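# Structure at a glance
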Amino acid sequence: MSHAPLHPQATVRSQQMLPRGHRAPKWADVPDEKWFDWKWQLKNRINSVSELEEVIRLTESEHAGASAEGIFRLDITPYFASLMDADDPTCPVRRQVIPTHHELEPFMSMMEDSLAEDKHSPVPGLVHRYPDRVLMLVTTQCASYCRYCTRSRIVGDPTETFNPAEYEAQLNYLRNTPQVRDVLLSGGDPLTLAPKVLGRLLAELRKIEHIEIIRIGTRVPVFMPMRVTEELCDVLAENHPLWMNIHVNHPKEITPEVADACDRLTRAGIPLGNQSVLLRGINDHPVIMQKLLRELVKIRVRPYYIYQCDLVHGAGHLRTTVSKGLEIMESLRGHTSGYSIPTYVVDAPGGGGKIPVAPNYVLSHSPDKLILRNFEGYIAAYTEPTDYVGPDMMVPDDWERKEPGQSGIYGLMQGERISIEPAGFSDTHHRPGGVSHRLNSREDKWTAYGVGAPNPASVSDTSPDGKVNVPIPVHSGD
Ligand code: SF4
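Fair warning: this is a prediction, and the values are worked out from it, not measured in the lab.

## Describing the overall build of the protein
Looking only at helices and strands, the protein has 15 helices and 12 strands in total. Projected onto its principal axes, the C-alpha coordinates of the protein cover approximately 90 × 55 × 50 Å. Restricting to contacts in the protein with at least 6 residues of sequence separation, those with at least 24 account for 75%.

## Some details on the domain arrangement of the protein
Splitting the protein by domain gives domain 1 (13-104), domain 2 (118-356) and domain 3 (407-478). Here domain 1 and domain 2 have C-alpha centroids that lie 22 Å from each other. Domain 1 puts 31 residues into the contact, and the matching count from domain 2 is 27 residues. Of all the secondary structure elements, the ones that give two or more residues to the side of domain 1 that touches domain 2 are helix 2 (38-43), helix 5 (78-81) and helix 6 (92-97).

## Digging into the nonpolar core
By size, the foremost hydrophobic cluster in this structure holds 83 residues, and its most contacted members are Phe80, Met136, Tyr148, Val183 and Cys309. Two domains each provide a minimum of three residues to this core, namely domain 1 (13-104) and domain 2 (118-356). With near-sequence residues (within four places) excluded, Phe80 lies in contact with Val93, Val97, Ser144 and Phe223.

## Re the UniProt feature "modified residue: N6-(pyridoxal phosphate)lysine" (unreviewed entry) in the protein
According to UniProt, the feature "modified residue: N6-(pyridoxal phosphate)lysine" (unreviewed entry) maps to Lys354 in the numbering used here. With respect to the helices and strands, the residue Lys354 is situated in strand 9 (residues 353-356). Once residues lying within four places of it in the same chain are set aside, the contact partners of Lys354 are Val345 and Asp347.

## Notes on the pairing of strand 4 (residues 213-217)
The buried fraction of strand 4 is high, at 4 of 5 residues. Judged from the 4 bridges that link them, strand 3 (residues 182-186) and strand 4 form a sheet pairing that is parallel. Across the sheet, the residue bridging to Leu185 is Ile216, located in strand 4. Regarding topology, helix 8 (residues 195-206) serves as the crossover connection from strand 3 to the parallel strand 4, and that connection is right-handed. Sheet topology note: the strand 4/strand 5 (residues 242-246) ladder contains 4 bridges and is parallel. Note on strand 5: the bridge partner recorded for Ile214 is Leu242.

## Here's the deal with the sheet that holds strand 3
The pairing of strands in a sheet comes from backbone hydrogen bonds and takes either a parallel or an antiparallel form. Taken together, the 9 strands give an open sheet; going across it, the order is 1-2-3-4-5-6-7-8-9, and neighbouring strands pair in mixed fashion. Two strands lie at the open edges of the sheet, namely strand 1 (126-127) and strand 9, each paired on one side alone.

## So, helix 13 (residues 322-330)
Those residues of helix 13 that sit buried are Gly325, Ile328 and Met329. Mapping the buried residues of helix 13 onto a view down its axis gives an arc of 100°, with all of them on the same face. Here the buried face of helix 13 lies against strand 6 (272-278), helix 12 (286-298), strand 7 (302-308) and strand 8 (343-348).

## Some points on the sheet that holds strand 11 (residues 369-373)
Pairing is antiparallel in the open sheet, where 3 strands are placed in the order 10-11-12. Two strands lie at the open edges of the sheet, namely strand 10 (362-366) and strand 12 (379-383), each paired on one side alone. Going across the sheet, the axis of each strand differs from the next one's by a mean of 20°, ignoring polarity. The pairing of strand 11 with strand 12 spans 5 bridges and is classified as antiparallel. Following the sheet pairing, Ile371 is matched in strand 12 by Ala381.

## Here we look at the packing of helix 8 against helix 10 (residues 230-237)
Where helix 8 meets helix 10, the axes come as close as 10 Å, and the angle between the chain directions of the two elements is 15°. With respect to each other, helix 8 and helix 10 are oriented roughly parallel. The handedness of the crossing between helix 8 and helix 10 is right-handed. Residues Pro195, Leu198 and Gly199 of helix 8 pack against Glu231, Leu232 and Val235 of helix 10. When its residues are assigned to classes, the contact of helix 8 with helix 10 shows 4 nonpolar, 1 polar and 1 charged.

## Regarding the pairing of strand 10
Summarising burial for strand 10: 0 of the 5 residues are buried, a small minority. Here strand 10 folds back onto strand 11, and the loop between the two strands holds 2 residues.

## Points about the environment of Thr320
Looking at the element boundaries, Thr320 is found in the loop between strand 7 and helix 13. Residue classification places Thr320 among the partly exposed positions, given that 19 C-beta atoms sit within 10 Å. Measuring from C-alpha to C-alpha, the distance between Thr320 and Val389 comes to 44 Å, with 69 residues separating the pair along the chain. Every residue in contact with Thr320, bar those within four places of it in the chain, is listed here: Leu278, Arg280, Asp284, Cys309 and Gly325.

## Digging into the UniProt feature "domain: Radical SAM core" (unreviewed entry) in the protein
This chain's UniProt record puts "domain: Radical SAM core" (unreviewed entry) on residues 128-340. For residues 128-340, helix accounts for 33% and strand for 16%, while the C-alpha atoms at its two ends are 30 Å apart.

## Considerations on the environment of Pro221
Within the fold, Pro221 resides in helix 9 (residues 220-223). Residue class for Pro221 comes out buried when judged on the 27 C-beta atoms lying within 10 Å of it. Separated by 39 residues in sequence, Pro221 and Asp260 place their C-alpha atoms 9.4 Å apart. With residues near it in sequence (within four places) discarded, Pro221 still touches Val228, Ile246, Val258, Ala261 and Cys262.

About the thresholds
Residues numbered from 1 in each chain as written. Predicted model: local features only at pLDDT ≥ 70, side-chain atom pairs only at ≥ 80, totals over all residues. Helix = DSSP H or I, 4+ residues; strand = E, 2+ residues; numbered from the N terminus. Contact = placed C-beta atoms within 7 Å. Domains from an automatic or database assignment. Core = buried A, V, L, I, M, F, W, Y, C linked by C-beta atoms within 7 Å. Buried ≥ 20, exposed ≤ 12 C-beta atoms within 10 Å, placed from the backbone. UniProt positions renumbered as here; feature names shortened; annotations may be inferred. Pairing = 2+ DSSP bridges. Right-handed = clockwise from strand over helix to strand, strands pointing away. Arc of directions from axis to C-beta. Axes fitted to C-alpha atoms, helices over the stretch in contact; angles between N-to-C directions. Parallel < 35°, antiparallel > 145°, perpendicular 65-115°, else oblique. Left-handed = near helix turned anticlockwise from the far one by under 90°. Nonpolar A, V, L, I, M, F, W, Y, C, P; charged D, E, K, R; others polar.

So this is what it looks like as structure tokens:
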């Protein structure tokens, strides 16, 4: 494993988990009724250089970042700010929420909307990228702001937030799109919405019959665990099945207060998962990541994703290589329980969606042997059955979900088509100066027998011996 030289101010103290009730001296005298009131936390967020200096000793780079014009919004709840180490700039909490001058540096391939979410948005705030699910952005506000935010193009900007007419347009799209069975509420952070607004949105979604599950992505339990009140849990529990992913990047963020908030949510019947972003100088160390994942499982939060940091403006200095992520994944599988192992994904630039990346465990294969290696380097041959031909049971028709235009690689396996070509493939291969001639003019030459939609005119359902044939499709299903 390669390491950068240790930062001269790095301490073990700044990494360690903190006890219940930990507060920075600035807020030592705030009465508990205020401290544990989430509205007080929101109202008293810190966002200026002078306020930050009351809590931590800013480095030159942090000072420059926090005073720069036009940076992504800066706001930190007193609760979360209290987790920052005052003297150690390598503190993982500090690095997530305090800007540095590096945010202003451009980097190769950075984009404003690197996942092309707005391009895949049929109505404002709704991103329809996958066949059966959508992302519904319901607010641009968060409890605190992460310096690597993928949606920094809109998040934190109250003028970009969504209004009732846009909520209605989102709901209407969903009412009219029966292929959607799963809605992920995100933003911004849905749990910063007024409980009534959130309750109304959830209730409207629940009225749509084809929506099977609702998910919420939130960092509120981490930035402001006091927001997870019994009242909020009741509102959520009225709208089951409801799933939730929180977002923790470092074990230090798991305080007893966060553990309590997660306990309230799980007792309300909400299965909890966690999404982390792999971040330079924060969690790009196998030991830190292993500790984080173990601590999550202890509070009944299932690690779900580790994201490769996106190519988004301002986040260049927090990115790692993908090989670092693979090294971390190698340190997990076999070394800890499967429940503690999330999927490592790269969200493909341009809107390709999440692509899992993992160390390669299959070394080779022949028709009857698969050669595998385990985490220790043990190499084994798995003998394949030689008589396997696939399943023979009936499957109810209505279990199959149509994925118009998005069946992808699975569609190739199912024989829907013979190839997937890049845009413009045919045009490129009609070379300039080329002509249509006797050898290239018949399209049916390249029609793969048995692939694509059935053509009853050319294939009979019954053989001469009376046996029923499986219909054989005859064109490539373009
Ligand atoms: S909580 Fe999520 S949406 Fe809000 S700033 Fe952080 S990453 Fe962005």
